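Geometric and topological summary
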Amino acid sequence: MVQQLQLQPHPEGGFYRETFRDEQKVQGGRAASTAILYLLPAGAKSKLHRLDASECWHAYLGALGRDCERPEPGVCYPLLLGRRRTPR
């Protein structure tokens, strides 16, 4: 699937391809918005990182993913990502 979707390694883990980059710039010259396809293969992990911009995630295929929002040290709000949200 990586080759089929022409994905490249993502610096934080997994694979990605940018599909949109807004021509409008924000302070600092960064694009106002971007969109990517992102694939995290089974067993792979994404590195813990701090977001400095809003993100919107769409889960299309695969197993239920788990993430954690950490607004401050020692606090974790669990996030479930994907289609199947019913606990087993």
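Look above for the structure.
Since the structure is predicted, the reported quantities are computational estimates derived from the model, not experimental observations. Counting restarts for each chain: residues are numbered from 1 in the order of the written sequence. Only residues with pLDDT of at least 70 get local features here, since the model is predicted, and only at 80 or more are side-chain atom pairs given and counted; chain-wide, interface and lining totals rely on the full set of residues. Excluded from the side-chain calculation are hydrogens and water; included are all heavy atoms of the structure.

Turning next to the state of the cysteines. We call a pair of cysteine sulfur atoms a disulfide whenever their separation is within 2.5 Å. For the structure on display, the rule yields one disulfide. Paired through a disulfide, cysteine 68 and cysteine 76 show a sulfur-sulfur distance of 1.7 Å. For every residue, the accessible area obtained with a 1.4 Å probe (protein chains only) is divided by the maximum for its type, and the residue is called buried under 20%, exposed over 50%, and partly exposed between those limits. Using a relative accessible area of 22% as the deciding quantity, one classes cysteine 68 as partly exposed. No disulfide involves cysteine 56; its nearest neighbouring cysteine sulfur is the one of cysteine 68, lying 19 Å away.

Any two strands between which DSSP finds at least two bridges are classified as paired. Going along the chain from the N terminus, every DSSP run of H or I of four or more residues is numbered as a helix, and every run of E of two or more is numbered as a strand. With antiparallel pairing, three strands are arranged side by side in an open sheet as β1-β2-β3. In this open sheet, the two strands that pair with only one neighbour each are β1 (8-9) and β3 (34-39). Pairing of β1 with strand β2 (residues 15-21), which is carried by two bridges, proceeds in the antiparallel orientation. For glutamine 8, the partnering residue across the bridge sits in β2 and is tyrosine 16.

Turning our attention to the side chain of aspartate 22. Here aspartate 22 shows up in the loop between β2 and β3. We treat Lys and Arg as the positive residues and Asp and Glu as the negative residues; His and chain ends play no part in the count. Any carboxyl oxygen of Asp or Glu that lies within 4 Å of a side-chain nitrogen of Lys or Arg is treated as forming a salt bridge with it. One buried charge, aspartate 22, has no salt-bridge partner; the nearest side chain with opposite charge is lysine 25, at 7.8 Å. Two residues form a contact once any of their heavy atoms are found within 4.5 Å. Once you skip the residues sitting within four places of it in the chain, aspartate 22 turns out to touch Ala31, Ala32 and Ser33.

On the secondary structure map, valine 75 appears in the loop between β4 (65-69) and β5 (77-81). Residues in contact with valine 75, not counting those within four places in the same chain, are Glu69 and Arg70.

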